[in-house]
Amino acid sequence: MNVLLDHLPQFREGFLGTLSITAASAALALVLGIVIAGFRVSPIPPLRAFGTAWVTLLRNTPLTLLFLIAFFVIPQIFFPGTSPFVLAMGALGCYTSSFVCEAVRSGINTVPLGQAEAARSLGMTFFQTLRLIVFPQATRSVIPPMSSIFIALTKNSAIAGAFSNTELFNVSKLLSDKGFAIGWIFLWIALCYLVITFAISGLFRLLESRLEVAR
Amino acid sequence: MSSSVLYDAPGPKARVRNRIYSVVGGLAVLGLIVFAVVRLNDKGQFAPEMWDIFNYAGVRTSIRDGVVTTLKVFAVAAVLSLALGVLLAVGRLSDHKAVRWFATGFIELFRAVPLLITIYVLWVLFLTYRSDLGLSGDNTGFWALVIGLTVYNGSVQAEVLRAGINSVPRGQREAAYALGMRKTQVMLTVLVPQAVRAMLPTIISQLVVTLKDTSLGYVITYQELLFQLQQLAGNIVVNDDNPYVPVIIVGGAIYIAMCLALSALATWIERRGRRAKTGIRVADAGQPLAATDALDVVDHSTVSAPDAPTGKTN
């Protein structure tokens, strides 16, 4: 019990650390995922192959290995001396982007072909079809899987703590190294994660009910 | 006629345009790869000496040991998590309130906490009470990893199985009761086998997640594949540099091969299941979707099946 009260600043910092790394990599994953999904459904073979390779490789690689790559290989290719936060964000974002990509792609696939055909026969242009017909319908079926992807991302962000980022796992490790009872630490950390994951699923449920239409 | 929602069948103009985009896109992708290779080459990561390390018996032995340890952890954790999954799924559907609540609480707690933290906490606990538990040497890491993987994946498998049990047509259960079977018999001889059959592709996809998660042993310094790779790369010095790139390429290839083999199994089983006409929908092999989502994927697929009644309430 005292662990929490005595170390409230550390817990708060860890909580905020987890939040910020989750938010940053969620943003990256969303952007990358949508771009890669665009590649995967495009009529341009090299981009399609690139998208497929990206998804297959990232989804079958353990996230811990991606963190190793981000911390030991990427600095050799691009910028040496990047902060651990950015590197962790890159690893988490790229990993999650492959799941986002698949969710978006299957969302697009749930839109019946007839919808697009009808839109075209009404004389809509490509962007009109996309904006008015395909996109709104795809969004609705993408939301539920997206919620679980972001919950998984929150939990995966714990690995960033093992790679010198300040977040909840890092805090629990520091405190247990100092000899505090691990059971209590675990309880508080679990509570922190429950708060975040409940917030995410609540947010998405709200979004879902907002966008709901009778079909 | 077109095969895509997004694009119409291309006419002559669009075909020319697509070809131009193909060339430009291909060049861009190629450029990215060439850039990475050139930069790594500049750093000497592709020097022949760097790759020569794999000719040494010691390096090969430690990679082999890593693969063996990883597979050992995976095998034990897979079996235990499936057993725990069945237990928890049955517990969640129990008629006794206390059992139901316990199972639900267990599942929700361990699904919400990151696996890494569970494993770490177990490791610290096992280290603290080492002598009481009769653990020694590497055993602490092994059991922390195995039990962590078991409680987490067991919880996820339980939810998958529960969705499967709920997707078995009601008549099956009613017929079994009408034959005079007891509750346990109905569950174990009628419902669970059909649930497993329907959910096998999803179960195997979750096993892929289990396999990937064995790499978390790296954080608690357990000697599985990733830890061995890191040790190799960190300890060997070639041309004043650590051979991170060759080691990661080889290690990554091993991981990807193992996961793809398991996924292929899931897809194969899914296709077989589709062929049989049992009236029970076989779940999509899907992807080893990130961690928790097995549940939502399953819900999605069972809800969209017109003939599968689903008991999922929330």
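Located above this text is the structure these notes cover.
Basis of the calculations
- Residues numbered from 1 in each chain as written.
- Chains lettered and ligands numbered in written order.
- Predicted model: local features only at pLDDT ≥ 70, side-chain atom pairs only at ≥ 80, totals over all residues.
- Heavy atoms only, no water.
- Helix = DSSP H or I, 4+ residues; strand = E, 2+ residues; numbered from the N terminus.
- Buried < 20%, exposed > 50% of the residue type's maximum accessible area, 1.4 Å probe, protein only.
- Contact = heavy atoms within 4.5 Å.
- Areas by Shrake-Rupley, 256 points an atom, 1.4 Å probe, with all protein chains shown as cover.
- Lys, Arg positive; Asp, Glu negative; His and termini not counted.
- Charge placed at Lys NZ, Arg CZ, Asp CG, Glu CD.
- Phe/Tyr/Trp six-rings, centres within 6.5 Å; stacked < 30°, edge-to-face > 60°.
- Buried area = accessible area lost by both parts, 1.4 Å probe.
- Salt bridge = Lys/Arg side-chain N within 4 Å of Asp/Glu carboxyl O.
- Polar contact = N/O pair within 3.5 Å; in protein donor to acceptor, adjacent residues only side chain to side chain.
- Nonpolar A, V, L, I, M, F, W, Y, C, P; charged D, E, K, R; others polar.
- Axes fitted to C-alpha atoms, helices over the stretch in contact; angles between N-to-C directions.
- Parallel < 35°, antiparallel > 145°, perpendicular 65-115°, else oblique.
- Left-handed = near helix turned anticlockwise from the far one by under 90°.

Asker: Explanation requested: the overall build of chain B in the structure shown.
Answerer: Across its full length, chain B carries twelve helices and zero strands. Ordered by position from the N terminus, the helices and strands of chain B form the series α-α-α-α-α-α-α-α-α-α-α-α. In chain B, buried positions account for 50% of the 314 residues. Across chain B, the fraction of contacts at a sequence separation of at least 24, relative to all contacts at a separation of at least 6, is 73%.

Asker: Whenever I open this one, the overall build of chain A confuses me. Can you help?
Answerer: Per the secondary structure count, chain A includes eleven helices and zero strands. Shown N-terminal to C-terminal, the secondary structure of chain A runs as helices and strands in the order α-α-α-α-α-α-α-α-α-α-α. The proportion of buried residues among the 215 residues of chain A is 51%. Sequence-distant contacts, at least 24 apart, represent 78% of the contacts inside chain A between residues at least 6 apart. A total of about 9,700 Å² of accessible surface is found on chain A, and carbon and sulfur atoms cover 70% of it. Taking the average location of the 14 positive side-chain charges in chain A and that of its 8 negative ones, the two points are 10 Å from each other.

Asker: Help me out: how do you make sense of the packing of aromatic side chains in this one?
Answerer: Where two aromatic rings form a pair, the distance of their centres and the angle of their planes describe that pair. What the rule picks out here adds up to 20 aromatic pairs over all chains. Through pairs of rings, three or more aromatic residues link up here, namely Phe67, Phe71 and Phe163 of chain A together with Tyr218 and Phe227 of chain B.

Asker: How do you make sense of the interface of chain A and chain B when you look at a structure like this?
Answerer: Taken together, the contact between chain A and chain B spans 56 residues of the former and 58 residues of the latter. Carbon and sulfur atoms make up 75% of the surface buried where chain A meets chain B, a total of about 5,300 Å² over both sides. At the junction of chain A and chain B, the tally comes to zero salt bridges. Put simply, chain A and chain B have eight residue pairs in polar contact (both at pLDDT 80 or more) between them. The dominant element in the side of chain A that touches chain B, judged by the number of residues it contributes, is helix H8 (residues 126-156) of chain A, at eight residues. Its residues assigned to classes, the side of chain A that touches chain B comprises 40 nonpolar, nine polar and seven charged.

Asker: Sorry, what's going on with the side chain of threonine 61 of chain A here?
Answerer: Following the sequence through the fold, threonine 61 of chain A ends up in the loop between helix H3 (45-59) and helix H4 (63-72). A polar atom in the side chain of threonine 61 of chain A sits 2.4 Å from the backbone oxygen of leucine 57 of chain A. Each residue touching threonine 61 of chain A, except ones within four places of it in the same chain, is listed here: Leu66 and Tyr95 of chain A together with Lys212 and Ile256 of chain B.

Asker: Is there a simple way to explain the packing of helix H7 (residues 139-167) of chain B against helix H9 (residues 183-213) of chain B in this structure?
Answerer: When two helices pack together, their arrangement is given by the angle between the helix axes and by the axis-to-axis distance. All names here are of chain B. For the pair H7 and H9, interaxial distance at closest approach is 8 Å and the crossing angle is 140°. By the angle class used here, H7 and H9 are oblique. Relative to H9, H7 is oriented so that their crossing is right-handed. Each of Leu149, Tyr152, Asn153, Val156, Gln157, Val160, Leu161, Ala163, Gly164 and Ile165 in H7 lies in contact with H9, whose residues at this interface are Met187, Leu191, Val192, Ala195, Val196, Met199, Thr202, Ile203, Gln206, Leu207, Thr210 and Asp213. Here the residues of the contact of H7 with H9 sort into 15 nonpolar, six polar and one charged.

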